[in-house]
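Letter by letter, the chains look like this.
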Amino acid sequence: MRVFVDPERCRGHALCLSYAPDAFEFIDLEDRSSVRAGIDVVALQDQILEAARECPERAIVVDLEQGE
Amino acid sequence: MSTSEKNVQKNIIDFDHHSPELRDHNTEVLHKLIYTEPRCPMGWSEAHGGFWAIWGYDALFDAVQNTALFRSVHSEELPKGVPGAPYKDPLIPIDIDGPIQQEFRKLSLGWFNPGTAKAMEPRINEICTELIDAFIERGECDISQELFTALPARVTLEMLDWESDRWAEWIEWVHAIIHDSVLHPDKAVEGANNMYTNIAVETAKRREKLGDDLFSDMMRTKVNGEYLTDEQIRNYAMLVMLGGMDTTAGVTGNTLLEIDKDPALRQQLIDEIDFIPKAIEEFLRFAGPQGGLYRRVAEDTVFHDQPMNKDDRVLMMYWAANRDPNMFPDPEKIDIHRTNNRHMTFGLGPHRCLGSHHARLMFSTMLREIMTRLPDFKVQWDKLERFEDCGSVYAVRHMPVTFTPGKRSTAS
């Protein structure tokens, strides 16, 4: 499973930080979210999928097939 | 593709966003747009010299992302609004497009990021407690003026480090600009002039000594290598006031009315009080106050099968898109556990509401405290007063409520 936040789409709504606080962090000066470094995406899969589902900009890309 | 290449017909609608019908029967009016067959995501109204309204979710999603086609800039000749606003100056950064808009945004991101909002939580809690303490023993209050209008206004003034005990004056001017621009333009101009005068006073004071506040950052930060002019500082501060003071109050008021109408919903919020920070997303969707923001079409085009012409005005109807049945199943049902709730209440794209993190926190805090300290509040519907014009913001001015009196939580 792979996940990333598309920096071209993310507009800093920060809802992913509320749905998946262990998976995402906010880059203040760029006004956008990104995936935290070194996280176990499989262990956090449920909250990551919830964050992706609620992202109003559809900026969170999740590929369940891809390995790390 | 030009209009002539494809034979497309305008979807003509009978719609005026400044009408009393929209204020008094907003669901019915929005439903007429959404559900009239054949269904169309947008239409052309002849009111106020003609404008497009976009209400379909997918069409509006495409429009807000395409700032090259749907422009926020305006000018003396092509003023903002439908009809054009009586005050001309562009607000910063909402009335700017392109890379420079993002540069102007950066100036205030230090104040508007999620972490800064979170850091303000204790202060927001404190103001909320103080405001509720002032009326909790009475068993009645105007919860609009005494709580949900006052709190965002005070928080906004504190961020600017202006005298927050003058919030009632500022809010009158803000309300005049937002709610009276069309029906009582003289009042809106007077409100804008009062704000200009007072911002000039604050600017002169701050020139002597900058502080650790949002307003000082407007004065000390260079954008593209240049300090902001006094006019730019004023137009930035105007936006913070207009955006910060009114809409959070609007959604809180609209939400309290829905709770008052629905005993099961009221009980659910009392039972799931810790879920309120997430439950607010559904109220933001259903009870969002933003009647519409404006854009102008940059060139002749066909957009979602509709022929648009250069310089056409467009009303972006976020609150209608939030009720699009193609996007939100059973959209008229308030379900605080709704999933796929990608509402547009804060806008989408490069102009996403700068204050959204603060707005969520203030709204969530007020709702939690109301459902904790006066959970049996009853709205006095016969004394409820909405703002006359809901074309920009659909909100309540006065909302008298009664409730079982409680105790103050701090010593008076």
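Since this is a predicted model, take the numbers as computed values, not measurements.

Explain the interface of chain A and chain B to me, please; I cannot follow it from the model alone.
Often the size quoted for an interface is simply the accessible area lost on bringing the parts together. Counting residues at the interface gives 19 residues for chain A and 24 residues for chain B. Counting each side, the surface lost to burial between chain A and chain B is near 1900 Å², with a carbon and sulfur contribution of 49%. Ranking the residues of chain A by area buried against chain B places A:Arg11, A:Arg53 and A:Arg58 at the top, with a combined share of 29%. Across the contact surface, chain A and chain B share two salt bridges. Between A:Asp31 and B:Arg352 there is a salt bridge whose closest N-O contact spans 2.9 Å. Inspection of the region where chain A meets chain B yields 13 residue pairs in polar contact (both at pLDDT 80 or more). Of all the secondary-structure elements, those providing two or more residues to the side of chain A that touches chain B are helix H1 (15-19) and helix H2 (45-54) of chain A.

Where do I start with the sheet that holds strand S1 (residues 12-13) of chain B in this structure?
Residue and element names in this part refer to chain B. Spatial strand order, S1-S2-S3-S11-S8-S4: six strands in an open sheet with mixed pairing. Taken across any chain shown, the strands that pair with only one partner, and hence form the sheet edges, are S1 and strand S4 (70-71). Pairing of strand S2 (residues 42-45) with strand S3 (residues 51-54) involves four bridges; the strand directions are antiparallel. Each residue of the ladder has a partner; that of Trp44, found in S3, is Trp52.

Mind showing me how you'd approach the pairing of S2(B) here?
Residues in a regular strand project their side chains so that they alternate between the two faces of the sheet. Residues and elements named next belong to chain B. Across the two faces of S2 the burial is the same, with Met42 and Trp44 and Gly43 and Ser45 all buried. Bridge analysis of S1 against S2 gives two bridges, and the strand direction is parallel. From the neighbouring strand, Ile13 faces S2, where its bridge partner is Ser45. Here S2 folds back onto S3 in antiparallel fashion, the turn holding five residues, of which His48 has a positive phi close to 55°.

What's the story with the nonpolar core in this structure? I'm lost.
Taken as a class, soluble globular proteins show a tendency for nonpolar side chains to be buried jointly. All names here are of chain B. If you look at the biggest cluster of nonpolar residues, it comprises 91 residues, and the most contacted ones within it are Ile143, Met218 and Phe377. At nine residues, the largest contribution of residues to this core is made by helix H12 (residues 230-245). Counting 23 residues, the second largest nonpolar core, distinct from the first, contains Ala63, Tyr318, Met327 and Phe328.

Honestly, the pattern of salt bridges in this entry has me stumped. Any pointers?
Opposite charge on two side chains permits them to pair, given that their charged atoms come into close proximity. Applying the stated criterion across every chain yields a total of 34 salt bridges over all chains. Among the ionic pairs, B:Asp89 bridges to B:Arg234, the shortest N-O distance being 2.9 Å. With B:Asp89 in the loop between S4 and helix H4 (99-112) and B:Arg234 in helix H12, the pair connects residues that are 145 residues apart, well separated along the chain. Given the relative accessible area of 17%, B:Arg234 is considered buried. Residue B:Asp230 is joined to B:Arg207 by a salt bridge in which the shortest nitrogen-to-oxygen separation is 2.3 Å. Residue B:Asp230 is located in helix H12, and its partner B:Arg207 is located in helix H10 (residues 185-208); the two are separated by 23 residues in the primary sequence. The exposure class of B:Arg207 is partly exposed, given its relative accessible area of 46%. Within this structure, A:Asp31, B:Arg105 and B:Arg352 form a network of salt bridges that share partners.

The rules behind each value
- Residues numbered from 1 in each chain as written.
- Chains lettered and ligands numbered in written order.
- Predicted model: local features only at pLDDT ≥ 70, side-chain atom pairs only at ≥ 80, totals over all residues.
- Heavy atoms only, no water.
- Contact = heavy atoms within 4.5 Å.
- Buried area = accessible area lost by both parts, 1.4 Å probe.
- Salt bridge = Lys/Arg side-chain N within 4 Å of Asp/Glu carboxyl O.
- Polar contact = N/O pair within 3.5 Å; in protein donor to acceptor, adjacent residues only side chain to side chain.
- Helix = DSSP H or I, 4+ residues; strand = E, 2+ residues; numbered from the N terminus.
- Pairing = 2+ DSSP bridges.
- Buried < 20%, exposed > 50% of the residue type's maximum accessible area, 1.4 Å probe, protein only.
- Core = buried A, V, L, I, M, F, W, Y, C linked by side-chain atoms within 4.5 Å.

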